[in-house]
Amino acid sequence: MSEKLRVGVIGAGRWSVSAHLPGFYRSPLCDVVMLCDLDLDKAESRARQFEIPGWTDDYEKVLSRPDIDVIDIVTRSDGSHEDLVFATLEAGKHCLVEKPVCHDYRDVWRAHELAQSKGLKTKVGLTFRYAPAVMYMFDLIREGFIGQPFAFNGYEQNSQWLDPDNPMDKRIHKTKPLGEEPWGVDLSRQGITPSSIELYAAPTIDIGLECIGSDLAQVVGVLANMVPFRRKTNLDTEYERINIDDLDMFIAEAKNGALYSMQSSYVTVGNYPGIEAHIYGSQGAIKVRLVDEFGVIQTIHTARPDAVEFVQQEIPPRYFPPGYQKDDRWDCAFYGNLVHNFCQEIIDGGEANQGNFAQSARVQEIINAVVLSHYKHEWVDLPLNDEAGILKTIRFSPF
Ligand SMILES: NC(=O)c1ccc[n+]([C@@H]2O[C@H](COP(=O)([O-])OP(=O)(O)OC[C@H]3O[C@@H](n4cnc5c(N)ncnc54)[C@H](O)[C@@H]3O)[C@@H](O)[C@H]2O)c1
């Protein structure tokens, strides 16, 4: 392996430009050497913006380069992640991918096992475990600050799709996409398309698992559709019935006895990214808030049984990524840590590999269980048993 890691990035869209590429650009541990996008003009312009020497519209040209150590997959959540992940691992490259790795948690485990068998490290875009405030919270918990965990409450909510004029499909289409099935025809309980629970709740579910230090034993949850009619694409002028999960809640019992709750939504008033994580234990409690409000992107408050008023704590400088600047946006600041941490884990070569495919599989299993709980209208046990084969029939949202 060369001194600095050499990275190939697949996907030069919005999230790549606001989070991934700035993170790689700033990390002293790597160089992005090739950027790939189906839209070659986009690949070229973004490559020039981030001083990346090569660009292409063919991902196989990236995977086949022997000098590339790491592949980063930032395509949309339309099923492309899974194919690209397996191709990356087969090509013998370390892999970072946006969530979800695969819609079915069993496929995420398969990908994890393939990576393990080839000695490759993996990481998933569980962005918010890398927020300095969350990293600090995890360390406080490891040091015993909360004692025995009693209860976790997680929220991931913002109002990006509250306005029905905001198209469900974020892409800017020049011509109407053809051949896509209509959404929301089936208004039965099972007809709702899982969306917020997979694309928005995932990173906070991950934080919750780390906070309570346990797997979940059973879950019961509801997916709801609060804004039923909206524009589908930027080219539509009429509203359409789109039966999609834009608000969901679940509660769970953990194996270690802790209780766990989660609410996720993109139609609840509030700013990005809209995350709150509260953990209460026998010795103390911690509340982290990652909501961009008046230029403040993160806060952490703690309380003790003998000092029950929550007090804001300063986040020590060691939790901030290389090149961090005070006015950094949240996406750039948090992803800077993620990317740098992944490079460090690969270069160090030990066992450490936080937020990897195994962790993502645990999160995806919970997401799958909440969807099944909603469909069946009952508690669902974990580990999941999908004897009826429902998981493979679910159509998840690509938006
Ligand atoms: N972790 C987070 O907090 C977070 C936040 C926002 C978005 N995301 C995730 O990031 C991913 C990308 O989202 P986005 O908003 O940037 O989407 P986008 O549509 O803006 O960008 C995706 C890009 O991938 C390209 N692409 C698709 N398939 C390709 C292929 N086979 N080869 C090369 N290029 C290909 C497209 O041309 C497009 O430019 C999604 O999975 C989304 O869920 C994660």
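Residues numbered from 1 in each chain as written. Predicted model: local features only at pLDDT ≥ 70, side-chain atom pairs only at ≥ 80, totals over all residues.

**Some remarks on the overall build of the protein**
Then comes step 1: Along the protein, the regular secondary structure elements total 10 helices and 17 strands.
Then comes step 2: Along the first, second and third principal axes, the C-alpha set of the protein runs to 55 × 50 × 45 Å.
Then comes step 3: Classification of the 399 residues of the protein by burial places 47% in the buried group. (Helix = DSSP H or I, 4+ residues; strand = E, 2+ residues; numbered from the N terminus. Buried ≥ 20, exposed ≤ 12 C-beta atoms within 10 Å, placed from the backbone.)

**What about the confidence of the model for the protein?**
Then comes step 1: Looking at the protein, the pLDDT average stands at 96 and 99% of residues meet or exceed 70.
Then comes step 2: Mean pLDDT across the elements of the protein ranges from a minimum in strand S10 (residues 240–241), with 92, to a maximum in strand S14 (residues 285–291), with 99. (pLDDT = per-residue confidence, 0-100.)

**Section: the site of the ligand**
Then comes step 1: Close contacts around the ligand come from 23 residues, with Gly 11, Gly 13, Trp 15, Thr 75 and Gly 125 the closest.
Then comes step 2: Tallying contributions element by element places helix H1 (residues 14–26) first for the shell around the ligand, with three residues.
Then comes step 3: The class makeup of the residues in the shell around the ligand is eight nonpolar, eight polar and seven charged. (Near = placed C-beta within 6 Å. Nonpolar A, V, L, I, M, F, W, Y, C, P; charged D, E, K, R; others polar.)

**Some details on the packing of helix H8 (residues 202–212) against helix H10 (residues 357–376)**
Then comes step 1: It is the contact of H8 with H10, at a shortest axis distance of 9 Å, that shows an interaxial angle of 110°. The orientation of H8 with respect to H10, classified from their angle, is roughly perpendicular. For the pair H8 and H10, the crossing hand works out as right-handed. Contacts between H8 and H10 pair Ala 202, Ile 205, Asp 206 and Leu 209 from the former with Gln 359, Arg 362, Val 363, Ile 366 and Ile 367 from the latter.
Then comes step 2: Broken down by class, the residue content of the contact of H8 with H10 amounts to six nonpolar, one polar and two charged. (Axes fitted to C-alpha atoms, helices over the stretch in contact; angles between N-to-C directions. Parallel < 35°, antiparallel > 145°, perpendicular 65-115°, else oblique. Left-handed = near helix turned anticlockwise from the far one by under 90°. Contact = placed C-beta atoms within 7 Å.)

**What to know about the domain arrangement of the protein**
Then comes step 1: Each assigned domain of the protein is listed with its residue range as follows: domain 1 (5–127) and domain 2 (129–326 + 356–393).
Then comes step 2: Relative to domain 2, the C-alpha centre of domain 1 lies at a distance of 24 Å.
Then comes step 3: With 20 residues of domain 1 at the contact, the number on the domain 2 side is 20 residues.
Then comes step 4: Contributions of two or more residues to the side of domain 1 that touches domain 2 are made by helix H5 (105–117) and strand S6 (122–124).
Then comes step 5: Considering every element that reaches the side of domain 1 that touches domain 2, the biggest residue donor is H5, with six residues.
Then comes step 6: Grouping the amino acids of the side of domain 1 that touches domain 2 by side-chain chemistry returns 10 nonpolar, five polar and five charged. (Domains from an automatic or database assignment.)

**Considerations on the nonpolar core**
Then comes step 1: Counting residues in hydrophobic clusters, the biggest one holds 109 residues, and the most contacted among them are Val 7, Ile 10, Leu 35 and Val 134.
Then comes step 2: Per element, the largest residue contribution to this core is 10 residues, and it comes from helix H9 (residues 330–348).
Then comes step 3: Structurally, this core is a two-domain feature, drawing no fewer than three residues from each of domain 1 (5–127) and domain 2 (129–326 + 356–393).
Then comes step 4: Those residues in contact with Val 7 that lie beyond four places of it in its chain are Phe 24, Cys 30, Asp 31, Val 32, Val 33, Ile 68, Val 70 and Asp 72. (Core = buried A, V, L, I, M, F, W, Y, C linked by C-beta atoms within 7 Å.)

**Re H8**
Then comes step 1: By the criterion of burial, H8 is predominantly enclosed, with 11 of the 11 residues buried.
Then comes step 2: Those residues of H8 not exposed but buried are Ala 202, Pro 203, Thr 204, Ile 205, Asp 206, Ile 207, Gly 208, Leu 209, Glu 210, Cys 211 and Ile 212.

**As for unusual backbone geometry**
Then comes step 1: Note that the residue after Tyr 272, namely Pro 273, is joined by a cis bond; omega there is -25°.
Then comes step 2: Position of Pro 273 among the secondary structure elements: in strand S13 (residues 273–281).
Then comes step 3: Omega for the bond connecting Leu 382 with Pro 383 falls within 30 degrees of zero, at -5°, which places this linkage in the cis form.
Then comes step 4: Summarising the element assignment, Pro 383 is placed in the segment after strand S17 (380–381).
Then comes step 5: Even without being a glycine, Phe 294 presents a positive backbone phi close to 55°.
Then comes step 6: By secondary structure assignment, the location of Phe 294 is in the loop between S14 and strand S15 (299–304).
Then comes step 7: Positive phi values are uncommon outside glycine, yet His 377 reaches one of about 60°.
Then comes step 8: By the secondary structure assignment, His 377 is in the loop between H10 and S17.

**Here's the deal with the sheet that holds strand S1 (residues 5–10)**
Then comes step 1: One open sheet holds the six strands; their spatial order is S3-S2-S1-S4-S5-S6, and the pairing between them is parallel. Edge positions in the sheet fall to strand S3 (54–56) and S6, since each of these pairs with one other strand and no more. Geometrically, the sheet is characterised by an average inter-axis angle of 20° between neighbouring strands, direction not taken into account.
Then comes step 2: Sheet analysis places strand S2 (residues 30–36) next to S3, joined by three bridges and oriented parallel. Note on S3: the bridge partner recorded for Cys 36 is Thr 56.
Then comes step 3: Sheet strands touched by H9: S1, S2, strand S4 (70–73), strand S5 (94–97) and S6. Its angle to S1, the strand with the most contacts, is close to 135°. (Pairing = 2+ DSSP bridges.)

**Topic: the sheet that holds S14**
Then comes step 1: The strand order across the open sheet formed by nine strands is S16-S15-S14-S13-S7-S12-S11-S8-S17, and the pairing between neighbours is mixed. This sheet does not close on itself; its edge strands, each paired only once, are strand S16 (307–312) and S17.
Then comes step 2: In this fold H10 packs onto strand S8 (216–224), strand S11 (247–254) and S17, with an angle of close to 60° to the strand it touches most, S8.

**Looking at the pairing of S2**
Then comes step 1: For S2, a buried count of six out of seven residues is recorded, marking the element as mostly surrounded by other parts of the structure.
Then comes step 2: Bridge count between S1 and S2: six bridges; the pairing is parallel. Each residue of the ladder has a partner; that of Ile 10, found in S2, is Cys 36.
Then comes step 3: Crossover handedness for the path S1 to H1 to S2: right-handed.
Then comes step 4: Once the chain exits S2 it traverses helix H2 (residues 40–49) before rejoining the sheet at S3, and the crossover so formed is right-handed. (Right-handed = clockwise from strand over helix to strand, strands pointing away.)

**Let's talk about the pairing of S11**
Then comes step 1: Where S8 and S11 come together, eight bridges link them in antiparallel fashion. Within S11, the position partnered with Gly 221 by the bridge is Phe 250.
Then comes step 2: Two strands pair when backbone bridges link them, and S11 and strand S12 (residues 259–265) are joined in this way by seven bridges, in the antiparallel orientation. Pairing of Ala 252 across the sheet is with Tyr 260, part of S12.

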